[in-house]
Amino acid sequence: MVIWALLWAIAGVWGERPQLKASDAVFMYAPYDPTLYDAYAGTVVGWAGRARSKNAQDVQWFRQRVEEAREKGLRYCGSVDFVVDFGGFIAFCPDRFMEAVCRDLDDNPITVPWLWDHRYKGHPAYWFCTNNPDYRAYLSDQVERTCVAPIDGLHIDDWRGTAACSAWFGGCFCRHCMEGFRDWLKQRFTKEQLGSMGIERVEEFDLKAFLKSKGITAEQWRRQRSRLPFGELFQQFQTEQMLQVVREVFEYAESLKGKPLLRSVNSSGSSPEALVVAPLVDFFCGEMDHHALTAQVPVEPAFVFKLAEGLGKRQAATASGQDWAWIAANEKPGLVRTWIAQAYAFGNAFMVPHHQWCYTPEKGTHWWEGKTEDFAFVYRFIRENANLFDGYRELANLSLAYTHENFSEIRSVALELLKANIPFNILAMEPTLGVKVTKKDLSACEFLLTGKHPLSLDFERLVKSSKVSIVQWQGIDKLPEKVLRQVKLNSGKVRVSLRYKPDDPTAPVICHLLNQDYDLQRDDVRPARVAVSINRLLLSKAIKDTPKRAILRTPMLASEEIPIQLDGDWLTFTVPELGFWALIEIPTR
């Protein structure tokens, strides 16, 4: 637990951390034309590079990019690459760069698969080892080149480094990884424990030689590592090493700038492995699968958005390279607008799609340029209504208790609830994530759904001391009636996100309506007349009176009042013609 305690303490080093707001309009890359900042009402540049070198011309070029954004009121996050800047490292260490290449069990060099079409001076895109001292020196050099300008934040691309190479591609068995693993074992286990693993003299232990002596091949290790001797321990070692490198990179940058920086990594809450870095970052910033090939609005990102909110973070999302390749091939900006709306409706962000990385195994890297007229109006709508996004959380009487062991179960439950429009939030009850769940958090919900694997003792005691009712998943039909009777719609192709501002009792409740009925041929959703009924008991958490009217807000159209009818336990309103997204502002009085 020592490493996790260290990670949790990081946030307190500088006091209160900077945050990404729910209404932030985030550019992934700095645009070549800075007038785009105004067109999109931009507020943050999230993943925006560094000076190419330390010479005066390159430094001035980067400073100019940063200052262009900051003069328009944006926060600018420079970036450091843990994997893809292979050419930069070859130039940085030309005489011995091959010593830093990740190696498989047979000592073969490992390359970055998605950069198969990239070369530098005839060299392929080697995957360099983040445990190598020369490569770590290059990461520090990248930080220094980022900090030559007045940046506000730092992004790390491919933060898992060698841990990802270990998890997916059978590395790394270089000298530094073997020595590091041996030292890690010495510090982690007693002599007796090591003996039970077959290690009599740990000072002489070499994992590579051990596996070879057992007849294990490089291909076996790549495909079956988790089932082979030391496979899981070696992966744990690599992950802990990477967390240490990530922490050092962020701390070094903050020491150079003398202030806390807005921290992010290219990741999402899409797996327990992706979440372990959460205590070190202020938000996640990266690709998520949106399944563009299906030509449907995906539900999976909404789970990631809810999980990020449960961690007290936000996701600045974009689609995957394969998604953007499909959009580029078919030119369907209307589908992308549904992605943008869903992210913001669930309290997160979708990065401005002005210049998108595309990837297919056949074409490799290519790019798609989103048109300003297709998207800028959506971001302006969000910024013009920022007060209806910032500070809001999900309004629900059901919470899901997240732990790493229960990830798959909680994810499956969440997707079913999302499809059924049953409001819920997620409480991060995973001890290693360091999220402080309190009695107040539990009291905000009436029911807590836990997974098959038990909670930690501390969380079990917290739950028992609260008044929340425990629910086990046995299907939607088996949920308590109070959970089921929260929201009703007359259409099965509309997704609802119901949000309130717990710290401001005067703020309206916001009901986001997301039209899921996408028509591929029209590249737009089919408009629908939608009647929504919300249970008064649920609304009573945020609204004491019975409102008679609401305000309907939609992109590009003037806001209008719509009536609210009271029908027994339900408050009902109707949106006459729902496009891809609407906000219904329900006043507290």
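Quick notes on the overall build of the protein
Next up, step 1: Broken down by element type, the protein carries 21 helices and 28 strands.
Next up, step 2: What you see for the protein is a C-alpha radius of gyration of 25 Å, in line with the 25 Å of a compact globule of 589 residues.
Next up, step 3: Overall size of the protein, expressed as C-alpha extent along the three principal axes, is 75 × 60 × 45 Å.
Next up, step 4: For the protein, the proportion of its 589 residues judged to be buried stands at 59%.
Next up, step 5: Summarising the internal contacts of the protein: among those between residues at least 6 apart in sequence, 74% fall at separations of at least 24.
Next up, step 6: Positive and negative side-chain charges of the protein, numbering 71 and 73 respectively, have mean locations separated by a distance of 3 Å.

Concerning the sheet that holds strand β20 (residues 509–515)
Next up, step 1: Read across the open sheet, the six strands follow the order β13-β19-β20-β28-β24-β25; overall the sheet is antiparallel. Only two strands of the sheet have a single neighbouring strand rather than two, namely β13 (393–394) and β25 (560–563).
Next up, step 2: Where strand β19 (residues 494–500) and β20 come together, six bridges link them in antiparallel fashion. Bridged to L498 within β20 is C511.
Next up, step 3: The sheet strands contacting helix α15 (residues 333–345) are β19, β20 and β28 (581–586), and the helix crosses β20 at an angle near 155°.

Considerations on the sheet that holds strand β2 (residues 44–45)
Next up, step 1: Read from one edge to the other, the open sheet built from eight strands follows the order β1-β2-β3-β6-β7-β8-β9-β10, with strand pairing classed as parallel. Either end of the sheet is taken by a strand with one partner, and the two such strands are β1 (26–27) and β10 (349–350).
Next up, step 2: Inspection of the sheet shows strand β6 (residues 153–157) paired to strand β7 (residues 262–265) by four bridges, in the parallel sense. From the neighbouring strand, G153 faces β7, where its bridge partner is L262.
Next up, step 3: Contacting β6 and β7, helix α11 (residues 231–257) runs over the sheet at an angle of about 155° to β6.
Next up, step 4: Seen against the sheet, helix α14 (residues 321–330) touches β8 (283–288), β9 (315–319) and β10 and runs at an angle of roughly 50° to β9.

Description of α14
Next up, step 1: Within the sequence span of α14, burial applies to G321, D323, W324, A325, W326 and I327.
Next up, step 2: In this structure, the buried residues of α14 make contact with β8, β9, α15, β10, β11 (356–360) and β12 (364–368).
Next up, step 3: Looking one or two residues past α14, E331 carries a phi angle of roughly 50°, positive in sign.

So, the pairing of strand β16 (residues 447–450)
Next up, step 1: Of the two faces of β16, the one holding F447 and L449 and the one holding L448 and T450 are both buried throughout.
Next up, step 2: Where β16 and strand β17 (residues 469–472) come together, four bridges link them in parallel fashion. Residue T450 lies in a different strand from β17, and its bridge partner there is Q472.
Next up, step 3: Viewed along the sheet, the connection from β16 through helix α19 (residues 457–464) into β17 turns out right-handed.

Some words on the confidence of the model for the protein
Next up, step 1: Here the protein averages 95 in pLDDT, while 97% of its residues score no lower than 70.
Next up, step 2: Note on residues 1–14: pLDDT under 50 across the span, and 23 contacts to partners over four residues away in sequence or across chains.

So, the pairing of strand β14 (residues 398–402)
Each regular strand displays side chains that alternate between the two surfaces of the sheet.
Next up, step 1: The buried fraction of β14 amounts to five of the five residues, a majority that puts the element mostly inside the structure.
Next up, step 2: What you see with β14 is no split at all: L398, L400 and Y402 on one side and S399 and A401 on the other are buried throughout.
Next up, step 3: With three bridges connecting them, β14 and β16 associate as parallel partners. The residue of β16 that forms the bridge with S399 is L448.
Next up, step 4: Taken together, the four bridges between β14 and strand β15 (residues 425–428) define a ladder with parallel strand orientation. For S399, the partnering residue across the bridge sits in β15 and is N425.
Next up, step 5: On the question of chirality, the crossover connecting β14 to the parallel β15 by way of helix α17 (residues 407–419) is right-handed.

A short note on unusual backbone geometry
Next up, step 1: A cis amide bond links G171 to the next residue, C172, at an omega of -5°.
Next up, step 2: Here C172 lies in the loop between α6 (161–169) and α7 (175–188).
Next up, step 3: One non-glycine residue, D107, lies in positive phi territory at about 70°.
Next up, step 4: Along the chain, D107 turns up in the loop between α4 (86–92) and β4 (119–120).
Next up, step 5: For D107, a relative accessible area of 39% corresponds to the partly exposed category.

Some details on helix α3 (residues 56–71)
Next up, step 1: For α3, which comprises 16 residues, the first-to-last C-alpha distance of 22 Å matches the rise-based estimate of 22 Å (1.5 Å per residue) to within 8%.
Next up, step 2: Among the residues of α3, those classed as buried are D58, V59, F62, R65, V66 and A69. In a view along the axis of α3, the buried residues occupy a sector of 125°, so they form one face of it. Facing away from the buried side of α3, by more than 90 degrees, are the exposed residues A56, Q57 and E71.
Next up, step 3: Where the residues of α3 are buried, they touch α2 (35–39), β2, β3 (75–81) and α5 (133–146).

Description of empty space enclosed by the protein
Next up, step 1: Under the definition given, this model contains two cavities of 30 Å³ or more.
Next up, step 2: Of the pockets and cavities examined, the largest cavity occupies roughly 70 Å³.
Next up, step 3: Around the largest cavity sit 13 residues that line it, and E394, N421, I422, P423 and V496 are the ones nearest its centre.
Next up, step 4: Tallying contributions element by element places β19 first for the lining of the largest cavity, with four residues.
Next up, step 5: Here the residues of the lining of the largest cavity sort into eight nonpolar, two polar and three charged.
Next up, step 6: If you trace the second largest cavity, you find it lined by M28, Y29, E287, T318, A319, W324, Q356 and W357.
Next up, step 7: Elements that contribute at least two residues to the lining of the second largest cavity include exactly β9 and β11.

Digging into the nonpolar core
In globular proteins that are soluble, nonpolar side chains generally tend to be buried together.
Next up, step 1: Within the largest apolar cluster, 171 residues are counted, with the highest numbers of intra-cluster contacts made by Y76, F82, F128, F350, L400 and W581.
Next up, step 2: Looking at which element gives the most residues to this core, the answer is α11, with nine residues.
Next up, step 3: Residues within four places of Y76 in sequence aside, it is in contact with A30, Y37, V45, A48, F62, R65, V66, A69, R70, I151, D152 and G153.

A look at the layout of surface pockets
Next up, step 1: Put simply, the second largest pocket is a space of about 1300 Å³.
Next up, step 2: Those elements giving two or more residues to the lining of the second largest pocket turn out to be α1 (2–10), α13 (300–310), β13, β15 and α18 (439–443).
Next up, step 3: Ranked by residue count, the leading element in the lining of the second largest pocket is β15, at four residues.
Next up, step 4: For the lining of the second largest pocket, a count of residues per class yields 20 nonpolar, seven polar and 13 charged.

Each value, and the rule that gives it
Residues numbered from 1 in each chain as written. Predicted model: local features only at pLDDT ≥ 70, side-chain atom pairs only at ≥ 80, totals over all residues. Heavy atoms only, no water. Helix = DSSP H or I, 4+ residues; strand = E, 2+ residues; numbered from the N terminus. Rg over C-alpha atoms; globule rule 2.2 N^0.38 Å. Buried < 20%, exposed > 50% of the residue type's maximum accessible area, 1.4 Å probe, protein only. Contact = heavy atoms within 4.5 Å. Lys, Arg positive; Asp, Glu negative; His and termini not counted. Charge placed at Lys NZ, Arg CZ, Asp CG, Glu CD. Pairing = 2+ DSSP bridges. Axes fitted to C-alpha atoms, helices over the stretch in contact; angles between N-to-C directions. Right-handed = clockwise from strand over helix to strand, strands pointing away. pLDDT = per-residue confidence, 0-100. Expected span 1.5 Å × (residues − 1). Arc of directions from axis to C-beta. 1 Å grid on protein atoms, 1.4 Å probe; cavity = no way out; pocket = protein on both sides within 12 Å on 5 of 7 lines; lining within 4 Å. Points joined across faces, edges and corners; volume = space filled by probe spheres on them. Nonpolar A, V, L, I, M, F, W, Y, C, P; charged D, E, K, R; others polar. Core = buried A, V, L, I, M, F, W, Y, C linked by side-chain atoms within 4.5 Å.

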